[in-house]
Amino acid sequence: MSLLVVGSVAFDAIETPFGREDRTLGGAATYFAIAASHFTKVNLVAIVGEDFNSEHESVFHGRAVDLAGLERAPGKTFFWSGKYHDNLNDRTTLATDLNVFAKFKPRLPETFRSSKFVFLANIDPTLQLSVLKQITVRPKLAALDTMNYWIERTPDELRETLRHTDLLMINDSETRQLSNEHNLLRAAKHIFKLGPRTLVIKRGEHGAMMVHNQWVFSVPSFPLEEIHDPTGAGDTFAGGFMGYLATAGRVNGDTLRRAMVYGSVLGSFAVEKFGLKRLLTLKRSEITNRVRHFHKLTSFKL
Ligand code: AMP
């Protein structure tokens, strides 16, 4: 089934204890679309500037990504810069230059308006809502990601957008910040009052937890000997999660649990190399092998 994503296509400057990149293609929607395209066709809605050329665009070519919603505007593409601490779990944002995103008014191509699965990647909540309002038939699942930048700067707009979403996918510190609750289960109860019925909490090397009003499900992160760059792991997780759900076509306890595994597996590939590098060579057979491995890793006899 059709899957739509709106979010950033960006240039990133990244520094980790393993090296640095001064300008590499990134952005939440880029990571998401490349991950999800292993499962289904992805309708991408984003904006780029004049510095985004055909070589940059080529990362989407040969993949199931429809670029009809990728707008080009005068000015520079969104730019983000971050530096990771030695533990790789914490990072400091050094720059967020919205550039062409500051004036973006997303207009969905007609063919995108009936998308059944929608992912509102981390971007201004007002833009997220404007995309949701252009969807003509109620989607099976509308999911949203956000971050401290928007929780602090646009809290009212974020609350209004949350009222229209089914699933919230954020990390543990964002969960605590949004709910003012330290305990994640109590935080989930608070967040359910804001709109979403399901909360997926991404916890970096500690895996991910899904809280639904009747049950909780956890997955570990896939054990890796070397992690070079965590950038985009969350968006890649989201791409695996939503991509799997869109192919399954149904949203229930079983498909949501399997989506958590696909999310965790896709995220584990993203961190193996800098930026998008590992994802660009990833094959479907490698995903399947790692999912099987994941099954062994997490099953036991009772
Ligand atoms: P993640 O590591 O999953 O949080 O995602 C990192 C990606 O998100 C980078 O490629 C950035 O370009 C993008 N990003 C960072 N901050 C923002 C923001 N405020 N709005 C939209 N995208 C962002």
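Above this text sits the structure in question.
Below is a summary of the structure that appears in this document. Keep in mind that what you see is a predicted model, and the values were worked out from it rather than measured. (Residues numbered from 1 in each chain as written. Predicted model: local features only at pLDDT ≥ 70, side-chain atom pairs only at ≥ 80, totals over all residues. Heavy atoms only, no water.)

## Some remarks on helix H8 (residues 233-248)
1) Next: Compared with an ideal rise of 1.5 Å per residue, which puts 16 residues at 22 Å, H8 spans 22 Å between its outermost C-alpha atoms and is within 8% of the ideal.
2) Next: Of all 16 residues making up H8, 14 are buried, and the element is well covered by its neighbours. (Helix = DSSP H or I, 4+ residues; strand = E, 2+ residues; numbered from the N terminus. Expected span 1.5 Å × (residues − 1). Buried < 20%, exposed > 50% of the residue type's maximum accessible area, 1.4 Å probe, protein only.)

## Considering the packing of helix H1 (residues 28-36) against H8
Between two packed helices, what matters for the description is the angle formed by their axes and the separation of those axes.
1) Next: Where H1 contacts H8, the two axes come as close as 7 Å, and the packing angle between them is 40 degrees. On the basis of their axis angle, the class for H1 and H8 is oblique. For the pair H1 and H8, the sense of crossing is right-handed. Where H1 abuts H8, its residues Ala-28, Tyr-31, Phe-32, Ala-35 and Ala-36 lie against Asp-235, Thr-236, Ala-238, Gly-239, Gly-240, Met-242 and Gly-243. (Axes fitted to C-alpha atoms, helices over the stretch in contact; angles between N-to-C directions. Parallel < 35°, antiparallel > 145°, perpendicular 65-115°, else oblique. Left-handed = near helix turned anticlockwise from the far one by under 90°. Contact = heavy atoms within 4.5 Å.)

## A word on the sheet that holds strand E3 (residues 19-26)
1) Next: What the four strands build is an open sheet, ordered E3-E2-E6-E7; its pairing is mixed. Two strands lie at the open edges of the sheet, namely E3 and strand E7 (91-97), each paired on one side alone. Looking at each pair of strands side by side, their axes are set apart by 15 degrees on average, direction ignored.
2) Next: Strand direction decides the pairing type here: strand E6 (residues 78-84) and E7, joined by six bridges, are antiparallel. Among the inter-strand pairings, Gly-82 is bridged to a residue of E7, identified as Thr-93. (Pairing = 2+ DSSP bridges.)

## Focus: the sheet that holds strand E12 (residues 208-212)
1) Next: Overall, mixed pairing links the nine strands, which are arranged E5-E4-E1-E8-E9-E10-E11-E12-E13 in an open sheet. The open sheet has two edge strands, strand E5 (65-72) and strand E13 (216-219), and neither has a second partner. Neighbour-to-neighbour, the strand axes of the sheet open up by a mean angle of 15 degrees, direction not taken into account.
2) Next: Looking at chain direction, strand E8 (residues 117-120) and strand E9 (residues 141-144) are connected through four bridges and run parallel. Looking across to E9, one finds that Phe-117 is bridged to Leu-141.
3) Next: Helix-sheet contacts for H8 involve strand E1 (3-6), E8, E9, strand E10 (167-171), strand E11 (198-202) and E12, and the interaxial angle to E8 is about 170 degrees.

## As for the site of the ligand
1) Next: The local shell around the ligand holds 22 residues, among which Asp-12, Gly-27, Asn-122, Gly-232 and Asp-235 are the closest.
2) Next: Gly-232 is positioned with one of its backbone polar atoms (N or O) 2.8 Å from an oxygen atom of the ligand.
3) Next: Here an oxygen atom of the ligand sits 3.4 Å away from a polar atom, N or O, in the main chain of Gly-234.
4) Next: When the ligand is considered free in solution it has 510 Å² of accessible area, and contact with the protein chains removes 93% of it.
5) Next: In terms of residues, the shell around the ligand owes the most to one element, H8, which gives three residues.
6) Next: When its residues are assigned to classes, the shell around the ligand shows eleven nonpolar, eight polar and three charged. (Near = heavy atom within 4 Å. Polar contact = N/O pair within 3.5 Å; in protein donor to acceptor, adjacent residues only side chain to side chain. Areas by Shrake-Rupley, 256 points an atom, 1.4 Å probe, with all protein chains shown as cover. Nonpolar A, V, L, I, M, F, W, Y, C, P; charged D, E, K, R; others polar.)

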